[in-house]
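Commentary on secondary and tertiary structure
The lines below spell out each chain.
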Amino acid sequence: MNAVIDESGWHRGARALPSDNYNARPDGCVPGLVVVHNISLPPGRFATGSIEALFCNHLDCSADPSFAGLEELRVSAHFLIDRAGGLTQFVSCNDRAWHAGVSAFAGRANCNDFSIGIELEGTDTTPFEAAQYDALSELLRVLRSRYATLRQAPIVGHSDIAPGRKTDPGPAFSWQRLRAALRAVDQPLR
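Residues numbered from 1 in each chain as written. Predicted model: local features only at pLDDT ≥ 70, side-chain atom pairs only at ≥ 80, totals over all residues. Heavy atoms only, no water.

Some details on the pattern of salt bridges
- In total, this model carries five salt bridges according to the counting rule given.
- A salt bridge links Arg-83 to Glu-129; the shortest N-O distance between them is 3.3 Å. With Arg-83 in the loop between strand S4 (79-81) and strand S5 (87-89) and Glu-129 in the loop between strand S9 (115-121) and helix H2 (130-146), this residue pair connects regions lying 46 residues apart in the sequence.
- Arg-83 sits in the buried class, given a relative accessible area of 14%.
- The exposure class assigned to Glu-129 is partly exposed, which follows from its relative accessible area of 37%.
- In this structure, the salt-bridge partner of Arg-96 is Asp-113, at a minimum N-O distance of 2.3 Å. Separated by 17 residues along the polypeptide, Arg-96 in strand S6 (residues 95-97) and Asp-113 in the loop between strand S8 (108-109) and S9 bring together distant segments of the chain. Judged on exposure class, the residue Arg-96 and its partner Asp-113 are both buried. (Salt bridge = Lys/Arg side-chain N within 4 Å of Asp/Glu carboxyl O. Helix = DSSP H or I, 4+ residues; strand = E, 2+ residues; numbered from the N terminus. Buried < 20%, exposed > 50% of the residue type's maximum accessible area, 1.4 Å probe, protein only.)

Overview of the sheet that holds S5
- Taking strand neighbours across the sheet as the criterion, the six strands line up as S1-S5-S4-S9-S3-S10 in an open arrangement whose pairing is mixed. Among the strands making up the open sheet, the edge pair consists of strand S1 (15-16) and strand S10 (155-157).
- Taken strand by strand, H2 contacts strand S3 (33-39), S4, S5, S9 and S10, and its axis lies near 165° from that of S9.
- On top of the sheet, helix H4 (residues 175-182) reaches S3 and S10; it is set at about 165° to S10, its chief contact. (Pairing = 2+ DSSP bridges. Contact = heavy atoms within 4.5 Å. Axes fitted to C-alpha atoms, helices over the stretch in contact; angles between N-to-C directions.)

A few points about the environment of Val-156
- With respect to the helices and strands, Val-156 occurs in strand S10.
- Here Val-156 falls in the buried class, since its relative accessible area comes to 0%.
- Separated by 120 residues in sequence, Val-156 and Val-36 place their C-alpha atoms 6.1 Å apart.

Notes on H4
- Taken together, the buried positions of H4 are Trp-175, Leu-178 and Leu-182. All buried residues of H4 lie within an arc of 65° about the axis, which places them on one face of the element.
- In this fold, the buried residues of H4 make contact with S3, H2, S10 and helix H3 (158-161). (Arc of directions from axis to C-beta.)

Re the pairing of S9
- Of all seven residues making up S9, seven are buried, and the element is well covered by its neighbours.
- Neither face of S9 is exposed, since Ser-115, Gly-117, Glu-119 and Glu-121 on one face and Ile-116, Ile-118 and Leu-120 on the opposite face are all buried.
- As judged from the three bridges shared by S4 and S9, these two strands associate in the parallel manner. Bridge pairing in S9 places Ile-81 opposite Leu-120.

Considerations on the layout of surface pockets
- Taken as a whole, the largest pocket holds about 500 Å³ of empty space.
- Together, 25 residues line the largest pocket, and Asn-38, Ile-39, Glu-119, His-158 and Lys-166 are the ones closest to its centre.
- Of the residues forming the lining of the largest pocket, the biggest block, three residues, is contributed by S3.
- Residue composition of the lining of the largest pocket, by class: ten nonpolar, ten polar and five charged. (1 Å grid on protein atoms, 1.4 Å probe; cavity = no way out; pocket = protein on both sides within 12 Å on 5 of 7 lines; lining within 4 Å. Points joined across faces, edges and corners; volume = space filled by probe spheres on them. Nonpolar A, V, L, I, M, F, W, Y, C, P; charged D, E, K, R; others polar.)

Given below as structure tokens:
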């Protein structure tokens, strides 16, 4: 795998699946925060293709009762790491993905403006796979090598930037395991 993010903000080693659900970052905004999420569609089911369909506006909302209400939803993330550790990119890192919603971090609102959103295929209560931690650690290393602003940037959960509204990545996500993987590079978390 060619693990590098090019000038246009695309990871050369990831599967590219461009989403229309993005826009330009505000002038002067650069990535300075990483937000870790979890997602599964339908809830608790994996490898259905529904996450990709949602982020690319192709989800058949009649396919499952749990999809009710998703028809008008326009969301995305920069990256998705599936259960096997596969990496898909939906939005250039240079652009603003629509992953955080109403959010704030360190007194700064609208986290989409200055963050990279990484979705892990999973749930709050299902343990994540070793391959996902490996892929996440490698992705963070690649992001830091491309964006100096991410070298010491915090890595937080969706729940940290939208408390009371979001719970992901949830208690099944091991921050300790991620810390151990990144300890050598002194990457601050939360």
